[in-house]
Amino acid sequence: MVRAVLEPGGDAATALYIVAFSLFIIGIKQGTHPTTAKRGNLIAAGGMAIAVVTTLLLDGMGNWGLIFLGLGIGTAVGVIASIRVQMTEMPQMVALYNGVGGGAVALIAWSEIRHGISLGEDFPLDELIPVIFAGVVGSVSFWGSNIAFAKLQDLIPTRPIAAPGQQVMNAVLLIAIVAICVILAVDHESPSQGLFILLLVLAAILGNLVVLPIGGADMPVVISLLNAFTGLSAAAAGFALDNVALIVAGTLVGSSGTILTLEMATAMNRSVSNILFSGFGGAPAGGGAGGGEERPHVSIGAQDAAIKLAYADSVVIVPGYGLAVAQAQHAIKEVADELQKRGVTVNYAIHPVAGRMPGHMNVLLAEADVPYEQLKEMEEINPELPRTDVAVVVGANDVTNPAAKNDPDSPIAGMPIIEVDEAQQVIVIKRSLSPGFAGIDNDLFYEPNTSMLFADAKQAAADIAAEIQNL
Amino acid sequence: MSLMTEITIFVLAVFVGFEVISKVPTTLHTPLMSQTNAIHGIVMLGGLIVLGYADDGLEYVIGTIAVAFGAINIVGGFMVTDRMLGMFAKKPKPKPSSDGKGGS
């Protein structure tokens, strides 16, 4: 077989890696503008192709059968999963892909430890420390992401799951992990493989325990944080393997993921440590004032809703996860079109964490060709709401809960909300009065100016559009 | 590469990461997170190197799984991002019978 061969760590290989990570930087840069984002993603993918081919051409590489087996399986799974996934399931998908990335890092770290030990020489600390870091963080990220995936996919309950004494247990685990890291580093002349495996297992348990108690609207922040972690662990693997592409690309993801995480946490008026270590305590979960009994609310049908909307001057639509689940974006767009034909001003109020990820609603509404100018962010729309005739809440819940600003004891107290309760009238399209992802009751439903339309969001929107046409 | 060279690269990359993405509209947060997620699939190179130079049974297994995981991360990550961003692409022309408005 004729094959160009690159010297590992040599000039040619390094030059190609530099081209690759430059393309990553350009790709991320272009990913920040709507017009260039798609091209940016392709450029980054091109950089990845260069990096992979370069590595395959390194001198002395073997085991081609296994390499192509791994590449083949991974590519097939990746292609099939991304073609099949629904738009509503994208957040889980990101969690899952993030998890396998972390898993790969942990496995590489394990392999490096084995390799280093088998050489029987002193393990240099500047390799051992990054390997230990990569193993711990990769393992936490793998298991944490899997739990996040399982929660979003409803494989396990989305409500906070907390065991008594969990904080103590986490602290003990963390101390044990740090202690083992120190022991391994001190004993760098012949680090114990058994201890390293124990380290991976403890990190796995920690990953599970940290993510399990987190419920509700906090999950996007957790996925973003784990994304940044995986990036950093990839960078650490780069230190261990002396691979400049891994160091730069992993670090880029680490720093960009950190920004994204902080932005999301800020949007929810919570600190990252608060999210990670308290969860939504679960205390007042079953409901605020009413306890188990049903509180009075007003229920209306599609026709009433159509009349309220058609004779309004201004309408604000507040989409949430329910819209995504019902795939109601096209039907909602139809309602908006009908209203605009009648001269009603229609805007959409997008809460930063509506849905399961920031931007989730924008993606769905863009799919339905909703004009970009009609999508208003929370800060922009809230001052408008007192002058709005009707606010229509479609499958959103926690992000409209007035308890966030009125009830200091509420688990979501202080979270910025879309202040629909300020609007003249509110129509909530929802299948039932059941609490949202955060597991708490929504006072909005029981306000005197709120009407509940109990139906599937898509069906309700289609009915309302038809009723408006008939008016 | 010396350790200090690597640390220099690391620190500069941290700042590049901050600078490059600090101004992102909310709209693009999900796709951008997905794209950066795909980029950390670069760990597959580590898997390739480990597997390419492996010489015992367990290393074969670990390396193959690491490569497969990395490939899922890369291929799935970029493809899902592309799908999300496809939603933002300007539709060429409004189709005569717009099948997008499936409200019936």
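One can find the structure itself at the top, above this paragraph.
Peer 1: Any chance you could break down unusual backbone geometry for me, citing the residues and the numbers?
Peer 2: All names here are of chain A. In this structure, asparagine 63 takes a positive phi of about 55 degrees despite not being glycine. With respect to the secondary-structure elements, asparagine 63 resides in the loop between α2 (37-56) and α3 (64-84). The phi torsion at aspartate 369 lies on the positive side, around 65 degrees, for a residue other than glycine. Note that aspartate 369 resides in the loop between α14 (360-367) and β4 (375-377). Take aspartate 369: its relative accessible area is 43%, and that puts it in the partly exposed class.

Peer 1: Explain the nonpolar core residue by residue, including any values.
Peer 2: Residues and elements named next belong to chain A. By size, the foremost hydrophobic cluster in this structure holds 153 residues, and its most contacted members are Tyr348 and Ile464. Tallying contributions element by element places helix α4 (residues 90-119) first for this core, with 14 residues. If we ignore the near neighbours within four places in the chain, the residues touching tyrosine 348 are Ile317, Ile332, Lys333, Ala336, Leu365, Val370, Gln374, Leu375 and Lys376. Counting residues in each nonpolar core, the second largest holds 26 residues, with Ala349, Met378, Met415 and Tyr446 among its members.

Peer 1: Lay out the interface of chain B and chain A with the relevant residues and their values.
Peer 2: Tallying the contact residues gives 80 residues for chain B and 108 residues for chain A. Counting each side, the surface lost to burial between chain B and chain A is near 8400 Å², with a carbon and sulfur contribution of 73%. Our enumeration of links across chain B and chain A arrives at 2 salt bridges. For arginine 114 of chain A, the salt bridge goes to aspartate 56 of chain B, with nearest N and O atoms at 2.6 Å. Taken together, chain B and chain A are joined by 16 residue pairs in polar contact (both at pLDDT 80 or more). Those elements giving two or more residues to the side of chain B that touches chain A turn out to be α1 (3-21), α2 (29-39), α3 (43-52) and α4 (57-86) of chain B. No other element matches α4 of chain B, which puts 27 residues into the side of chain B that touches chain A. Here the residues of the side of chain B that touches chain A sort into 47 nonpolar, 25 polar and 8 charged.

Each value, and the rule that gives it
- All residue numbers refer to position in the chain's written sequence, counted from 1.
- The naming scheme follows written order: chains are lettered A onward, ligands numbered 1 onward.
- At least 70 in pLDDT is required for a residue's local features to be given in this predicted model, at least 80 for side-chain atom pairs to be given and counted, and no such filter applies to totals for whole chains, interfaces and linings, which use all residues.
- Heavy atoms throughout the structure, all of them, feed into the side-chain values; hydrogens and water do not.
- Segments assigned H or I by DSSP are reported as helices when at least four residues long, segments assigned E as strands when at least two residues long, and all are numbered from the N terminus.
- Accessibility here uses a 1.4 Å probe with only protein chains present; expressed as a share of the type maximum, an area under 20% marks a residue as buried, one over 50% as exposed, and anything in between as partly exposed.
- To define a nonpolar core, start from buried Ala, Val, Leu, Ile, Met, Phe, Trp, Tyr and Cys residues and group those joined through side-chain atoms within 4.5 Å.
- Only heavy atoms matter for contacts: two residues are in contact if any of them lie within 4.5 Å across the pair.
- Once two parts are brought into contact, the accessible area they lose, counted with a 1.4 Å probe and summed over both, makes up the buried area.
- For salt bridges, the criterion is a side-chain nitrogen of Lys or Arg within 4 Å of an Asp or Glu carboxyl oxygen.
- Polar contact is defined as a pair of N or O atoms within 3.5 Å, subject to the rule that within protein one atom must be able to donate a hydrogen and the other to accept it, and that residues adjacent in sequence are counted only when both atoms are side-chain atoms.
- Three residue categories are used. Nonpolar comprises Ala, Val, Leu, Ile, Met, Phe, Trp, Tyr, Cys and Pro, charged comprises Asp, Glu, Lys and Arg, and polar comprises the others, including Gly.

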